[in-house]
Amino acid sequence: MAKLNFGGVEENVVTREEFPLAKAQEVLKNETVAVIGYGVQGPGQALNQKDNGINVIVGQRKNSKTWDKAIADGFVPGETLFEIEEALQRGTIICYLLSDAAQIALWPTVQKHLTPGKALYFSHGFGITFNEQTGIVPPKDVDVFLVAPKGSGTSLRRMFLQGRGLNSSYAIFQDATGKAKERVIALGIAVGSGYLFETDFRKEVYSDLTGERGTLMGAIQGIFAAQYQVLRDKGHTPSEAFNETVEELTQSLMPLVAENGMDWMYANCSTTAQRGALDWWKKFRDATAPVFKDLYESVATGKESQRSIDSNSQTDYREKLDAELKELRESEMWQAGKTVRSLRPENQK
Ligand SMILES: NC(=O)c1ccc[n+]([C@@H]2O[C@H](COP(=O)([O-])OP(=O)(O)OC[C@H]3O[C@@H](n4cnc5c(N)ncnc54)[C@H](O)[C@@H]3O)[C@@H](O)[C@H]2O)c1
Ligand SMILES: CC(C)(O)[C@@H](O)C(=O)O
Ligand SMILES: [Mg+2]
Ligand SMILES: [Mg+2]
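Residues numbered from 1 in each chain as written. Chains lettered and ligands numbered in written order. Predicted model: local features only at pLDDT ≥ 70, side-chain atom pairs only at ≥ 80, totals over all residues. Heavy atoms only, no water.

A. Region of the structure containing the site of ligand 2. Every residue near ligand 2 is listed here: Gly151, Ser152, Asp208, Glu212 and Met217. The separation between an oxygen atom of ligand 2 and a polar side-chain atom of Asp208 is 2.8 Å. Glu212 places a side-chain nitrogen or oxygen 2.8 Å from an oxygen atom of ligand 2. Relative to its unbound accessible area of 270 Å², ligand 2 is 60% covered by the protein chains. (Near = heavy atom within 4 Å. Polar contact = N/O pair within 3.5 Å; in protein donor to acceptor, adjacent residues only side chain to side chain. Areas by Shrake-Rupley, 256 points an atom, 1.4 Å probe, with all protein chains shown as cover.)

B. Region of interest: the UniProt feature "domain: KARI N-terminal Rossmann" (unreviewed entry) in the protein. Residues annotated by UniProt as "domain: KARI N-terminal Rossmann" (unreviewed entry) correspond here to residues 9–199. Taken end to end, residues 9–199 is 38% helix and 23% strand, and its first and last C-alpha atoms sit 14 Å apart. (UniProt positions renumbered as here; feature names shortened; annotations may be inferred. Helix = DSSP H or I, 4+ residues; strand = E, 2+ residues; numbered from the N terminus.)

C. The arrangement of the UniProt feature "domain: KARI C-terminal knotted" (unreviewed entry) in the protein in detail. Under the feature "domain: KARI C-terminal knotted" (unreviewed entry), the UniProt entry names residues 200–347. Summarising residues 200–347: 83% helix, 0% strand, and an end-to-end C-alpha distance of 43 Å.

D. Region of interest: the packing of helix α10 (residues 201–213) against helix α14 (residues 271–300). Look at α10 against α14: their axes get within 9 Å of each other, and the N-to-C directions meet at 135°. By the angle between their axes, α10 is oblique relative to α14. Here the hand of the crossing between α10 and α14 comes out right-handed. In contact with Val205, Tyr206, Leu209, Thr210 and Arg213 of α10, α14 contributes Leu295, Tyr296, Val299 and Ala300. (Axes fitted to C-alpha atoms, helices over the stretch in contact; angles between N-to-C directions. Parallel < 35°, antiparallel > 145°, perpendicular 65-115°, else oblique. Left-handed = near helix turned anticlockwise from the far one by under 90°. Contact = heavy atoms within 4.5 Å.)

E. Broad picture of the pairing of strand β9 (residues 168–174). The buried fraction of β9 amounts to 5 of the 7 residues, a majority that puts the element mostly inside the structure. Note: strand β8 (residues 143–149) against β9, 6 bridges, orientation antiparallel. The residue bridging Ala148 from the neighbouring strand is Ser169, located in β9. The sheet contact formed by β9 and strand β10 (residues 195–198) spans 3 bridges and is parallel. (Buried < 20%, exposed > 50% of the residue type's maximum accessible area, 1.4 Å probe, protein only. Pairing = 2+ DSSP bridges.)

F. How the structure looks around the confidence of the model for the protein. Of the residues in the protein, 100% reach a pLDDT of 70 or more, and the chain-wide mean stands at 97. Both scores are available for the predicted complex, with the pTM at 0.97 and the ipTM at 0.97. (pLDDT = per-residue confidence, 0-100.)

G. Quick look at the pattern of salt bridges. Following the criterion strictly, the structure yields 17 salt bridges and no others. Note that Glu86 is salt-bridged to Arg90, the shortest N-O span being 3.0 Å. A residue pair is termed a helical-turn pair when its members lie 3 or 4 positions apart in one helix, as Glu86 and Arg90 do in helix α4 (residues 84–90) at 4 residues. (Salt bridge = Lys/Arg side-chain N within 4 Å of Asp/Glu carboxyl O.)

H. Focus on the coordination of the magnesium ion (ligand 3). Coordination of the magnesium ion (ligand 3) by the protein is provided by Asp208 (OD) and Glu212 (OE), with metal-donor distances spanning 2.0 Å. Metal-to-metal, the separation of the magnesium ion (ligand 3) and the magnesium ion (ligand 4) is 3.7 Å; Asp208 coordinates the two. Of this pair, Asp208 and Glu212 both sit in helix α10, 4 residues apart, which is roughly one turn of that helix. We classify Glu212 as partly exposed; its relative accessible area is 25%. (Donors = N, O, S within 2.8 Å, 3.2 Å for Na, K, Ca; no water.)

I. Here's a closer look at the site of ligand 1. Taken together, 20 residues are adjacent to ligand 1, and Tyr38, Gln41, Asp100, His124 and Gly153 come closest. Val40 places a polar main-chain atom, nitrogen or oxygen, 3.1 Å from an oxygen atom of ligand 1. Gly153 places a polar main-chain atom, nitrogen or oxygen, 2.8 Å from an oxygen atom of ligand 1. Protein contacts shield 79% of the accessible area of ligand 1, which totals 820 Å² for the unbound molecule.

J. Fine view of the packing of aromatic side chains. Applying the stated rule across the entire model yields 12 aromatic pairs. Arranged with centres 6.5 Å apart and planes meeting at 40°, the rings of Tyr96 and Trp107 form a pair that is tilted. In this pair, Tyr96 is assigned in strand β6 (residues 93–96) and Trp107 in helix α5 (residues 102–112), connecting sequence segments 11 residues apart. For Trp107, a relative accessible area of 4% corresponds to the buried category. Grouped by ring-pair contacts, the aromatic residues Tyr96, Trp107, Phe122, Phe173 and Phe201 constitute a single cluster. Stacked on the ring of Phe75, the Lys or Arg Lys50 has its end atom at 5.3 Å from the ring centre. Taking the ring centre of Trp280 as reference, the NZ or CZ of Lys283 above it sits at 4.2 Å. (Phe/Tyr/Trp six-rings, centres within 6.5 Å; stacked < 30°, edge-to-face > 60°. Lys NZ or Arg CZ within 6 Å of the ring centre and 35° of its normal.)

K. Spotlight on the packing of helix α2 (residues 41–51) against helix α8 (residues 153–161). Relative to each other, α2 and α8 sit at 25°, their axes nearing to 7 Å. If you check the angle between α2 and α8, you find them roughly parallel. In this structure, the crossing between α2 and α8 has a hand that is left-handed. On the side of α2, the interface is formed by Gln41, Gly44, Gln45, Leu47, Asn48 and Asp51, while α8 contributes Gly153, Leu156, Arg157, Phe160 and Leu161. Counted by class, the contact of α2 with α8 contains 4 nonpolar, 5 polar and 2 charged residues. (Nonpolar A, V, L, I, M, F, W, Y, C, P; charged D, E, K, R; others polar.)

L. Focus on the sheet that holds β9. Pairing is mixed in the open sheet, where 10 strands are placed in the order β1-β2-β10-β9-β8-β7-β6-β3-β4-β5. Looking at the sheet topology across the chains shown, the edges are occupied by β1 (2–6) and β5 (81–82). Sheet contacts for α10: β7 (119–122), β8 and β9; angle to β8, the most-contacted strand, approximately 30°.

Encoded structure:
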């Protein structure tokens, strides 16, 4: 395991160089990896494993859209695609990739098939960490671990096809066989991770829930909406407001940050912009820090997990989420964005 210096702190990471695909294939050669659920992570992880030569099967409800999607993706009913229970029975490693809320309802069925020596794999620390809310308590004689790709399953697949790799975290909750570590790292490589960093279930879920509610998804939309509205209220057109809030960020500036860090992006902007950004970033930090503290508290006390379980366990949760997404999509800001995107040269016929 490589020890790397992250801004002055030493951490363990597993790279593809030290744990190449051939080693992952060797570790997993006698395993049947059953991917249960074919939503967002399911397809990315199952297809990457298939392309990496791993013996992977998919468990999904028949007569569902996702069953048909699995067939369209090359999984074959009766060979590599099964009803959930049959996949659970066949799998030696169960990748539990239903939504976090749905994992609760199916848990009694999964538990039945966790015979000694099998492994239970998650992509989130949710079910185990919040077990008082989820009831997910695995038997002692199975391995329990996670590989959590740090990004959407859609990106996991896209980056794999581009020969790149999303980074993932991994954690071991229970090592019953003595082989949990080589199993989990082999799976991490097999699902297409670029590299893997170590964590534990609790830290994974606390940081993940904070990140997605915070800067990655929730806060970013909030900041966009606030700035867009101020510009609109001051008489700027929708296209101007959208460009100065979103389009320039995603098209020009974030790729520079991704490539070489914030200071480098700043250095590639005018001295006027640099002066202003350097003066203002701390005000934004100080204004938002209390909200981030509240958010972390809400995660750590189990409020966020409970809210997610309560809303996503309802039978009409999908319709309700879709309605809220529609509200975003139909807002003036994102409608302006649709027109702006259509004007990108690569989107013009
Ligand atoms: N979405 C992501 O990109 C992402 C990223 C990192 C980690 N994760 C984690 O991966 C896991 C899977 O997340 P996801 O977003 O892929 O899930 P998802 O919401 O896309 O759902 C996955 C599958 O669950 C099925 N499902 C829902 N309710 C069911 C039920 N009652 N019985 C049987 N099947 C049911 C759906 O049909 C779907 O095929 C979660 O633990 C999540 O936190 C997701
Ligand atoms: C893709 C994310 C936001 O990183 C993941 O955590 C999720 O829950 O979908
Ligand atoms: Mg998440
Ligand atoms: Mg995440």
